[in-house]
Amino acid sequence: MKAANVESDAARFEALRAETDEHRQRHGCNAYVFEDGAGLLALARAERPERILELGTAIGYTACLLASAEDRTQVDTIERDPCHVALARENLEAAGFAERVRVHHGDFFDVLADLPGPYDLAFFDGLAPSLSLIEHLYERLKPNGLLICGNLCLAQGANQRLLDAEFAYAERWHIDGHIENGATSLIRKNGGST
């Protein structure tokens with residue numbers, strides 16, 4: 001896929017990206033805008049995913065990007081805020097993705113318990129993840145599946161040490177790089193169970 005196509009395809013959702021930022025300011029919530037939509041879309045297209053898991057829907061901007069990776073791509077996305085869930089469902093309907101994106105309302109752990117894997121790709125865009133959450137994502141990713149993990153840099157103290165140790169475990173993970181000016185890590189699952 002040519003970079004120009006990815007840029008123009010990502011630009012299709014620019015109004016929703018701007019709406020997300022405006023919503024965060026009005027709502028006073030943590031729905032921060034993912035700053036590298038074209039990078040996220042390019043990664044998703046390179047993976048050619050059938051199934052994607054997203055944690056942190058906000059109002060649907062990144063779910064739209066992920067769903068546009070392939071015509072066959074199905075997305076399960078989880079969001080705790082009921083206002084965000086309603087807005088995301090409206091935005092996904094308007095973008096034509098209502099049939100391929102399921103917005104699940106609830107806590108990540110509660111919803112993940114009901115979502116079987118394997119997923120080709122998982123995208124985490126909340127505040128710093130916990131080790132327990134990363135372990136749940138590992139279990140749901142297929143072998144060689146890609147975890148796109150935002151905000152690892154926000155982890156502190158014991159949580160940071162635990163995450164550093166987990167991602168250094170070469171039998172489980174391989175660091176593939178970064179996007180979003182280094183704020184989002186690309187981490188590939190090495191083998192293991194599905």
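All values reported here derive from a predicted model rather than from experimental measurement.

Draft legend 1. The packing of aromatic side chains, seen in detail. Inspection of every chain in the model, using the stated rule, returns five aromatic pairs. Ring plane angle 90° and centroid distance 5.3 Å describe the contact between Phe34 and Phe123, whose orientation is recorded as edge-to-face. Here Phe123 lies in strand S4 (residues 119-124) and Phe34 lies in the loop between helix H2 (14-27) and helix H3 (37-47), a separation of 89 residues in the sequence. The exposure class assigned to Phe34 is buried, which follows from its relative accessible area of 2%. Accessibility expressed as a relative area gives 0% for Phe123, which makes it buried. A centroid spacing of 5.3 Å and a plane angle of 70° characterise the contact between Phe167 and Trp173, whose relative ring orientation is edge-to-face.

Draft legend 2. Structural detail: the nonpolar core. Counting residues in each nonpolar core, the largest one holds 33 residues, and the members touching the most others are Leu66, Phe97, Val101 and Ile148. The element contributing the most residues to this core is helix H4 (residues 61-67), with six residues. In terms of nonpolar packing, the next biggest core, distinct from the first, is built from 23 residues, Leu112, Tyr138, Leu152 and Ala155 among them.

Conventions we followed
- Residues numbered from 1 in each chain as written.
- Predicted model: local features only at pLDDT ≥ 70, side-chain atom pairs only at ≥ 80, totals over all residues.
- Heavy atoms only, no water.
- Phe/Tyr/Trp six-rings, centres within 6.5 Å; stacked < 30°, edge-to-face > 60°.
- Helix = DSSP H or I, 4+ residues; strand = E, 2+ residues; numbered from the N terminus.
- Buried < 20%, exposed > 50% of the residue type's maximum accessible area, 1.4 Å probe, protein only.
- Core = buried A, V, L, I, M, F, W, Y, C linked by side-chain atoms within 4.5 Å.

The analysis is restricted to geometry; functional conclusions fall outside its scope.
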